[in-house]
Amino acid sequence: MIAQSVKDELAPTGKLRVGINYGNAVLASRDAASGELRGVAVDLAWELGRRCELAVELMAFESAGKMATAVTAGAWDAAFLAVEPGRAGEIAFTAPYILIEGTYLTPPGSPIRSIADVDRAGVRVGVSTGSAYDLFLSRNLQQAQMIKAENPNTSFDLLINGKVDVVAGVRQALMTHAAKLPGSRVFDDRFMAIGQAMGMPHGRAAGLKCLRQFIEGVKASGFVADALERAGIRGVAVAPPA
């Protein structure tokens, strides 16, 4: 039984509004015709609502950056997004529930052959604005120029249109894009491991404790692994216990 005081922190409007980033196909997808959301994050959102006995409203965002920014407007109560120091000022996080990889996609014939080749003068790197890998690379790239796009799909368009030399992204999404561009290559290695977690606005300690317990529970029970299997997601590891 969840105490009413905890429910009030989780869902101050009476509904648990959960942010879903359908721009990351590992987490969720959105049907173009119906707008229906499905995927790992969606399954977890419904399960959280069931366990907390709260009605759930899914709040859809096309990119993690837009979702993270929306927290300042009170657009959601909890959300599925990467743990990132650049977001910690506004968002309190659980431990990760899955681990995914950030890597690069290069076009056919590219002279860029490794992660080390990217951070060089004259290299243009396409990223989705506000994504975990955008924030990470903004801190760590010293010489390459970052070119920012609205979402992961438009960052790939930058590569197609010759406006960048390489695209950064989540491995699974880059593999999907690579299939559309014969001769392109997704690097085998990674520049970062991305811990996908739940977050909520600061100042809701009881609600955050509930989310942290929920995430540890769904990892331990196999719920996360089953959700990945249902969604057909491969190459993603369930995060270890916190």
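Refer to the structure above for everything that follows.
Described below are features of the structure shown in this document. (Residues numbered from 1 in each chain as written. Predicted model: local features only at pLDDT ≥ 70, side-chain atom pairs only at ≥ 80, totals over all residues. Heavy atoms only, no water.)

### Considering the environment of Thr103
Then, in step 1: Within the element layout of this structure, Thr103 appears in strand β7 (residues 98-106).
Then, in step 2: As a C-alpha pair, Thr103 and Gln172 span 69 residues in sequence and 9.7 Å in three-dimensional space.
Then, in step 3: Here the side chain of Thr103 touches Asp189 through a polar contact of 2.7 Å, landing on its backbone oxygen. (Helix = DSSP H or I, 4+ residues; strand = E, 2+ residues; numbered from the N terminus. Polar contact = N/O pair within 3.5 Å; in protein donor to acceptor, adjacent residues only side chain to side chain.)

### Notes on the pairing of strand β12 (residues 192-201)
Then, in step 1: Counted residue by residue, β12 has 9 buried out of 10 residues, so it is predominantly covered.
Then, in step 2: Sheet analysis places strand β5 (residues 78-82) next to β12, joined by 4 bridges and oriented antiparallel. When the bridges of β12 are listed, Phe80 appears paired with Met198.
Then, in step 3: One ladder, built from 3 bridges, connects strand β6 (residues 91-93) with β12; its direction is antiparallel. Bridged to Ala92 within β12 is Met200. (Buried < 20%, exposed > 50% of the residue type's maximum accessible area, 1.4 Å probe, protein only. Pairing = 2+ DSSP bridges.)

### Details of the side chain of His177
Then, in step 1: Within the secondary structure, His177 sits in helix α6 (residues 171-178).
Then, in step 2: Using a relative accessible area of 6% as the deciding quantity, one classes His177 as buried.
Then, in step 3: If we skip the residues at most four places from it in the chain, His177 touches Leu105, Pro152, Asn153 and Phe156. (Contact = heavy atoms within 4.5 Å.)

### Some words on the packing of aromatic side chains
Any aromatic ring pair is given by two values, namely how distant the centres are and how the planes are angled relative to each other.
Then, in step 1: If you walk through the whole model with that rule in mind, you get 4 aromatic pairs.
Then, in step 2: Ring plane angle 85° and centroid distance 5.8 Å describe the contact between Phe80 and Tyr97, whose orientation is recorded as edge-to-face. Pair noted here: Phe80 is in strand β5 and Tyr97 is in the loop between β6 and β7, with a separation of 17 residues, a long-range link.
Then, in step 3: Here the aromatic rings of Phe136 and Phe191 are separated by 6.1 Å at their centres, their planes lie at 20°, and the arrangement is stacked. Within this pair, whereas Phe136 is found in helix α4 (residues 132-140), its partner Phe191 is found in the loop between β11 (185-186) and β12, the two being separated by 55 residues in sequence.
Then, in step 4: Through a chain of ring-to-ring contacts, three or more aromatic side chains come together here, namely Tyr104, Phe136, Phe187 and Phe191.
Then, in step 5: If you follow Arg230 out to its NZ or CZ, it ends over the ring of Phe223, 5.5 Å from the centre. (Phe/Tyr/Trp six-rings, centres within 6.5 Å; stacked < 30°, edge-to-face > 60°. Lys NZ or Arg CZ within 6 Å of the ring centre and 35° of its normal.)

Limitation: the analysis is restricted to geometry and does not speak to function.
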